[in-house]
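Here are the chains, one letter per residue:
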Amino acid sequence: MIIQNLTVCLLAGMLLVGCGSTGGTGPVKIDPANPHLHKIAYPKRYLTIEHIELLTNQSSGLLNLNVHFFNRRPSGTAFRYRVHWYNRAGAVLSSADQGWTRTTMNQGHSPLLLVALNKNAEDFSLIVEKDK
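Residues numbered from 1 in each chain as written. Predicted model: local features only at pLDDT ≥ 70, side-chain atom pairs only at ≥ 80, totals over all residues. Heavy atoms only, no water.

Engineer: Just checking my understanding: could you explain the overall build of the protein for this structure?
Structural biologist: A count of helices and strands for the protein gives one helix and seven strands. Listing each helix as α and each strand as β along the protein from the N terminus yields α-β-β-β-β-β-β-β. A burial count over the protein gives 31% of its 132 residues as buried. Long-range contacts, defined here as pairs at least 24 residues apart, represent 65% of the contacts in the protein between residues at least 6 apart. (Helix = DSSP H or I, 4+ residues; strand = E, 2+ residues; numbered from the N terminus. Buried < 20%, exposed > 50% of the residue type's maximum accessible area, 1.4 Å probe, protein only. Contact = heavy atoms within 4.5 Å.)

Okay, structure coming up:
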(Lines give C-alpha, C1' and ligand atoms only; values in the text may rest on other atoms or scores of the structure.)
Protein backbone atom coordinates (compact mmCIF):
# COMPACT_ATOMS: atom_id res chain seq x y z
CA MET A 1 0.00 0.00 0.00
CA ILE A 2 2.82 2.43 0.87
CA ILE A 3 4.62 1.61 -2.41
CA GLN A 4 1.39 2.11 -4.36
CA ASN A 5 0.82 5.54 -2.71
CA LEU A 6 4.45 6.49 -3.36
CA THR A 7 4.05 5.52 -7.03
CA VAL A 8 0.91 7.64 -7.35
CA CYS A 9 2.68 10.61 -5.75
CA LEU A 10 5.69 10.21 -8.05
CA LEU A 11 3.47 9.98 -11.13
CA ALA A 12 1.52 13.08 -10.04
CA GLY A 13 4.80 14.95 -9.50
CA MET A 14 6.07 13.89 -12.93
CA LEU A 15 2.84 15.12 -14.51
CA LEU A 16 3.19 18.51 -12.82
CA VAL A 17 6.80 18.82 -13.95
CA GLY A 18 5.98 17.53 -17.43
CA CYS A 19 3.19 20.06 -17.90
CA GLY A 20 5.57 22.88 -17.05
CA SER A 21 4.78 25.76 -14.80
CA THR A 22 4.65 29.10 -16.55
CA GLY A 23 4.00 31.27 -13.54
CA GLY A 24 0.22 31.11 -13.74
CA THR A 25 -0.20 31.41 -17.49
CA GLY A 26 -1.89 28.60 -19.35
CA PRO A 27 -0.45 26.62 -22.21
CA VAL A 28 0.00 28.37 -25.53
CA LYS A 29 -2.77 27.52 -27.98
CA ILE A 30 -1.39 27.03 -31.48
CA ASP A 31 -3.75 27.61 -34.38
CA PRO A 32 -2.93 25.04 -37.11
CA ALA A 33 -3.92 27.54 -39.81
CA ASN A 34 -1.52 30.16 -38.39
CA PRO A 35 0.97 28.31 -36.15
CA HIS A 36 2.93 31.52 -35.49
CA LEU A 37 -0.08 33.64 -34.47
CA HIS A 38 0.72 33.39 -30.75
CA LYS A 39 4.09 35.10 -31.38
CA ILE A 40 2.44 38.34 -32.55
CA ALA A 41 0.87 40.92 -30.23
CA TYR A 42 -1.28 43.39 -32.14
CA PRO A 43 -4.27 45.70 -31.53
CA LYS A 44 -7.21 43.44 -32.37
CA ARG A 45 -9.52 46.45 -32.34
CA TYR A 46 -7.81 47.81 -35.47
CA LEU A 47 -6.14 44.82 -37.15
CA THR A 48 -6.73 41.18 -37.93
CA ILE A 49 -4.15 38.74 -39.23
CA GLU A 50 -5.10 36.94 -42.42
CA HIS A 51 -1.96 34.85 -42.90
CA ILE A 52 1.59 34.40 -41.59
CA GLU A 53 4.53 32.95 -43.50
CA LEU A 54 7.91 32.22 -41.94
CA LEU A 55 10.52 30.92 -44.35
CA THR A 56 14.22 31.02 -45.07
CA ASN A 57 15.27 32.80 -48.23
CA GLN A 58 17.16 30.21 -50.31
CA SER A 59 19.66 32.64 -51.81
CA SER A 60 20.51 34.73 -48.72
CA GLY A 61 19.88 32.21 -45.95
CA LEU A 62 18.00 34.88 -43.97
CA LEU A 63 14.70 34.26 -42.21
CA ASN A 64 11.72 36.10 -43.76
CA LEU A 65 8.53 36.89 -41.89
CA ASN A 66 5.55 37.87 -44.03
CA VAL A 67 2.44 38.91 -42.08
CA HIS A 68 -0.75 39.73 -43.96
CA PHE A 69 -2.78 42.18 -41.88
CA PHE A 70 -6.26 43.48 -42.55
CA ASN A 71 -6.55 47.09 -41.35
CA ARG A 72 -10.05 48.13 -40.30
CA ARG A 73 -9.00 51.79 -39.95
CA PRO A 74 -8.79 54.35 -42.77
CA SER A 75 -5.76 54.33 -45.08
CA GLY A 76 -2.78 56.13 -43.63
CA THR A 77 -3.36 54.93 -40.05
CA ALA A 78 -0.07 55.08 -38.16
CA PHE A 79 1.27 51.97 -36.44
CA ARG A 80 4.63 51.00 -35.01
CA TYR A 81 6.20 47.58 -34.63
CA ARG A 82 9.17 45.87 -33.01
CA VAL A 83 10.51 42.45 -33.88
CA HIS A 84 12.88 40.24 -31.92
CA TRP A 85 14.71 37.45 -33.69
CA TYR A 86 15.76 34.34 -31.74
CA ASN A 87 18.42 31.70 -32.38
CA ARG A 88 17.92 27.94 -32.06
CA ALA A 89 18.46 28.10 -28.27
CA GLY A 90 15.80 30.82 -27.89
CA ALA A 91 18.24 33.64 -27.16
CA VAL A 92 17.51 37.09 -28.60
CA LEU A 93 19.89 37.93 -31.41
CA SER A 94 21.46 41.34 -31.39
CA SER A 95 20.60 43.21 -34.57
CA ALA A 96 19.88 46.69 -35.86
CA ASP A 97 16.15 45.98 -36.30
CA GLN A 98 15.18 45.54 -32.64
CA GLY A 99 13.93 49.11 -32.11
CA TRP A 100 10.49 50.48 -32.88
CA THR A 101 9.73 51.15 -36.55
CA ARG A 102 6.90 53.43 -37.63
CA THR A 103 4.69 52.51 -40.57
CA THR A 104 1.34 53.42 -42.06
CA MET A 105 -1.13 50.87 -43.32
CA ASN A 106 -3.77 51.15 -45.99
CA GLN A 107 -7.33 50.23 -45.18
CA GLY A 108 -7.93 46.58 -46.04
CA HIS A 109 -5.19 44.13 -46.92
CA SER A 110 -1.81 45.40 -45.74
CA PRO A 111 1.18 43.03 -45.84
CA LEU A 112 4.30 43.48 -43.72
CA LEU A 113 7.56 41.77 -44.76
CA LEU A 114 10.36 41.56 -42.20
CA VAL A 115 13.79 40.05 -42.85
CA ALA A 116 16.14 38.94 -40.09
CA LEU A 117 19.55 40.53 -40.44
CA ASN A 118 21.29 37.54 -38.86
CA LYS A 119 21.59 34.09 -40.46
CA ASN A 120 21.29 32.45 -37.01
CA ALA A 121 17.67 33.63 -36.67
CA GLU A 122 15.22 30.72 -36.45
CA ASP A 123 12.25 32.26 -34.62
CA PHE A 124 10.67 35.62 -33.81
CA SER A 125 8.27 37.66 -31.74
CA LEU A 126 6.49 40.73 -33.10
CA ILE A 127 4.67 43.56 -31.33
CA VAL A 128 2.46 45.93 -33.33
CA GLU A 129 0.85 48.98 -31.71
CA LYS A 130 -1.29 51.82 -33.00
CA ASP A 131 0.95 54.87 -33.04
CA LYS A 132 -0.30 57.91 -31.19
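Moving on, there is more to tell.
Engineer: Would you explain the pairing of strand 2 (residues 47–56) in this entry?
Structural biologist: Residues in a regular strand project their side chains so that they alternate between the two faces of the sheet. In terms of strand pairing, strand 2 meets strand 3 (residues 63–71) through nine bridges, oriented antiparallel. Residue pairing for strand 3: L47 is matched across the bridge by N71. With antiparallel pairing between neighbouring strands as the criterion, strand 2 and strand 3 make up a hairpin whose turn holds six residues, including G61 at a positive phi of roughly 80°. (Pairing = 2+ DSSP bridges.)

Engineer: Can you walk me through the side chain of N34 in this structure?
Structural biologist: Mapped onto the secondary structure, N34 falls in the loop between helix 1 (2–19) and strand 1 (40–41). Under the relative-accessibility criterion, N34 is labelled buried at 7%. A polar atom in the side chain of N34 sits 3.3 Å from the backbone nitrogen of I52. Beyond its immediate stretch of four places on either side in the chain, N34 contacts I49, E50, H51 and I52. (Polar contact = N/O pair within 3.5 Å; in protein donor to acceptor, adjacent residues only side chain to side chain.)

Engineer: Please clarify how the packing of aromatic side chains should be interpreted in this entry.
Structural biologist: Describing an aromatic ring pair means giving the distance of the ring centres and the angle of the ring planes. A complete count under the given rule lists one aromatic pair for this structure. Measuring from centroid to centroid gives 6.4 Å for Y42 and F69, while their planes differ by 65°, and the two rings are edge-to-face. Of the two residues, Y42 sits in the loop between strand 1 and strand 2 while F69 sits in strand 3, which places them 27 residues apart along the sequence. As far as burial versus exposure is concerned, Y42 and F69 are alike and both buried. Lying across the ring of Y46, K130 places its NZ or CZ 5.6 Å from the centre. (Phe/Tyr/Trp six-rings, centres within 6.5 Å; stacked < 30°, edge-to-face > 60°. Lys NZ or Arg CZ within 6 Å of the ring centre and 35° of its normal.)

Engineer: Would you mind going over the environment of P74 with me for this structure?
Structural biologist: Checked against the element boundaries, P74 lands in the loop between strand 3 and strand 4 (77–86). Residue P74 is classed as partly exposed on the basis of its relative accessible area of 48%. A C-alpha to C-alpha distance of 9.9 Å links P74 and Y46, two positions 28 residues apart in sequence. Beyond its immediate chain neighbours, meaning those up to four positions away, P74 contacts M105 and Q107.

Engineer: Even after reading the chapter, I still don't get the sheet that holds strand 6 (residues 108–115), so can you show me in this structure?
Structural biologist: To summarise the sheet geometry, strands pair through backbone hydrogen bonds and adopt either a parallel or an antiparallel arrangement. Strand order in the open sheet formed by three strands is 2-3-6, and the pairing between neighbours is antiparallel. Whereas interior strands pair on both sides, the edge strands pair on one side only; in this sheet they are strand 2 and strand 6. Ignoring strand direction, the axes of neighbouring strands in this sheet form an average angle of 15°. Summarising the sheet, strand 3 and strand 6 pair through eight bridges and their orientation is antiparallel. When the bridges of strand 6 are listed, L65 appears paired with L114. (Axes fitted to C-alpha atoms, helices over the stretch in contact; angles between N-to-C directions.)

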